[in-house]
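Read off the chains here:
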Amino acid sequence: MNEKNIKPNGLALLPIIIFLILFIGVGVIQKDFYSMPAVIGFLIALAVAFLQTRGISFNEKISIIAKGVGDDNIITMCLIFLVAGAFSGSVSAAGGVNSTVNLGLSLLPPGIAVIGLFVIGCFISISMGTSMGTIAALAPIAIGISQKTNFPIAVCIGAVVSGAMFGDNLSMISDTTIAAVRTQGCNMRDKFRKNFLIVLPAAIATIVILFFMTSGANFTVSKDLDYNIFQVIPYILVLVTALIGLNVFIVLIGGIAFSVIVGIATGAMKVSQIFTSMGQGATGMYDITVISILVACISSLVKYNGGFAFILESIHKHIHSYRGAEFGVAALVGLIDCATANNTVAIVIAGPIAKEISEDYGIEADRSASLLDMFASVFQGIIPYGAQLLSAASLTGLSSFDIMPYLFYPYLMAVCGIISILISKKKLGKA
């Protein structure tokens, strides 16, 4: 069917609605929003999409989803997920995680301990590409700082979560960055530059707020902070080469090779661990890779049945400007993140629709990728049932709601994002 002949059909969105009902419903009933595996939810949604697509044979339906999965961006995104996972596994086995954390803590001035938690969280998360790993690494330190400075633990862990979301949004090896860049078809370096300029004021403002809240703190880390600067270099290498503009596969493969060399040279990794560590890292990306494939399948059938056309028609009815389209992209990914409690999944779902909106209103690809990643990270960082806050709460004995008032960076990132939309202008020559 020619795309121009697809008629808008709101019922075509039923598979996505079924997924959201299952995901949210099971989460509410079980009081755990991660009790419903997203993969199972999407498999059920795909079955609904198959049943809903009538008038063509089963083999024709398979052909439709095969074309969706075979899209260059989907295949590239899935491969990057796996290679990024292999890099994370190899650099962790080489001692990179511990050295990066300890290096940051050893540079922490005792008078600005809580600010240091935020800054180190930013550094670690942008290096490691994982907010969850950052929270797990720094939560015990946050507890120790709270006990020795008498600052509320909620303030300290709030600084950690804020720093973690900084890198979740910006890191070159974050799955959210990979998903945003690939679904919008832009260069990772360009997306980083555009995104960084928007969120930098939020990071600076967070530091200022924490300074006035916690100035005068005095804290000394009691445990040994052994680190090897060579074990940190693979992270720096990946960041620098990605910013230079090298192909992401070359960047990650180079990072893996350097991690192995450093790990063996420093004695942190045995030769027998090389492939095992890479395999464990890649395995950790299986879920999001499979989810990306399933979402591509569902999206293909939803699009064929007129679901995307319905969304775009609805948006066109309510949006009549470039800025309105940008707000539409931000709201779309934010709402999906609130529903799925997973910012990467939200970007994968919203990505194809956001791309069509961007093309219709002349939004540049790196700009739409920035909006997707930024607002998905904003909501993921503040929803009380998201993995980040649930993890922070469980590690500190607090509730998510105790931490929420001190998540200064995600709130300020939202403010900066909104301001950037209000002052944005369409580039001349764009549709």
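J.: Describe the overall build of the chain, and please don't skip the residues or the numbers.
T.: Across its full length, the chain holds 21 helices and zero strands. For 431 residues, the compact-globule estimate of 2.2 N^0.38 gives 22 Å, and the chain sits close to it at 22 Å. With the principal axes as the frame, the chain shows a C-alpha extent of 70 × 50 × 50 Å. In the chain, which comprises 431 residues, the share counted as buried stands at 55%. Across the chain, contacts joining residues at least 24 apart in sequence account for 80% of those joining residues at least 6 apart. Counting only carbon and sulfur atoms, one obtains 66% of the accessible surface of the chain, whose full area is about 18000 Å². Across the chain, the centroid of the 23 positively charged side chains sits 5 Å from that of the 21 negatively charged ones.

J.: Lay out the environment of V329 in plain terms, naming residues and giving numbers.
T.: Among the secondary structure elements, V329 is positioned in helix α16 (residues 322–340). Sequence separation between V329 and G144 is 185 residues, and the spatial gap between their C-alpha atoms is 41 Å. Apart from residues no more than four positions distant in its own chain, V329 is found in contact with A354, I357, S368, L371 and L372.

J.: Which residues make up the packing of aromatic side chains, and what values go with them?
T.: If you walk through the whole model with that rule in mind, you get nine aromatic pairs. Considering the side-chain rings of Y406 and F408, the 6.3 Å spacing of their centres and the 85° angle between planes classify their relative orientation as edge-to-face. Among the aromatic residues, those joined into a cluster by ring pairs are F19, F23 and F42.

J.: How would you explain the packing of helix α11 (residues 229–244) against helix α12 (residues 248–266) if you had to name every residue and give the values?
T.: A packed helix pair is summarised by two numbers, namely the angle formed by the two axes and the spacing between the axes. Between α11 and α12, the least distance of the axes is 9 Å, while the angle of their chain directions is 170°. The orientation of α11 with respect to α12, classified from their angle, is roughly antiparallel. As for how α11 packs across α12, the hand of that crossing is right-handed. Touching F230, Q231, I233, P234, L237, V238, T241 and A242 of α11 are V251, G254, G255, F258, S259, V262 and T266, all from α12.

J.: Tell me about helix α8 (residues 153–170), residues and numbers included.
T.: Over its 18 residues, α8 runs 26 Å from end to end, which matches the ideal 26 Å to within 8%, given 1.5 Å per residue. Burial of α8 is extensive: 18 of the 18 residues sit out of reach of the surface.

J.: Residues and numbers for the environment of I145, please.
T.: Along the chain, the position of I145 falls in helix α7 (residues 131–149). You can call I145 buried: its relative accessible area is 0%. Counting along the chain gives 209 residues from I145 to A354, while the straight-line C-alpha distance between them is 42 Å.

J.: Describe the packing of α8 against helix α21 (residues 408–422), and please don't skip the residues or the numbers.
T.: Running from N to C, α8 and α21 point in directions that differ by 45°, and their axes come no closer than 7 Å. Relative to α21, the element α8 is oriented oblique. Contacts from S162, M165, F166 and N169 of α8 reach α21 at F408, Y409, P410 and M413. Residues belonging to the contact of α8 with α21 are distributed by class as follows: six nonpolar, two polar and no charged.

J.: Describe the side chain of S259, naming the residues involved and giving the relevant values.
T.: Looking at the secondary structure, you find S259 in helix α12. On the basis of relative accessible area, S259 is assigned to the buried category, the value being 0%. Excluding residues within four positions of it along the chain, S259 makes contact with F87, S90, V91, A94 and P234.

Conventions we followed
Residues numbered from 1 in each chain as written. Predicted model: local features only at pLDDT ≥ 70, side-chain atom pairs only at ≥ 80, totals over all residues. Heavy atoms only, no water. Helix = DSSP H or I, 4+ residues; strand = E, 2+ residues; numbered from the N terminus. Rg over C-alpha atoms; globule rule 2.2 N^0.38 Å. Buried < 20%, exposed > 50% of the residue type's maximum accessible area, 1.4 Å probe, protein only. Contact = heavy atoms within 4.5 Å. Areas by Shrake-Rupley, 256 points an atom, 1.4 Å probe, with all protein chains shown as cover. Lys, Arg positive; Asp, Glu negative; His and termini not counted. Charge placed at Lys NZ, Arg CZ, Asp CG, Glu CD. Phe/Tyr/Trp six-rings, centres within 6.5 Å; stacked < 30°, edge-to-face > 60°. Axes fitted to C-alpha atoms, helices over the stretch in contact; angles between N-to-C directions. Parallel < 35°, antiparallel > 145°, perpendicular 65-115°, else oblique. Left-handed = near helix turned anticlockwise from the far one by under 90°. Expected span 1.5 Å × (residues − 1). Nonpolar A, V, L, I, M, F, W, Y, C, P; charged D, E, K, R; others polar.

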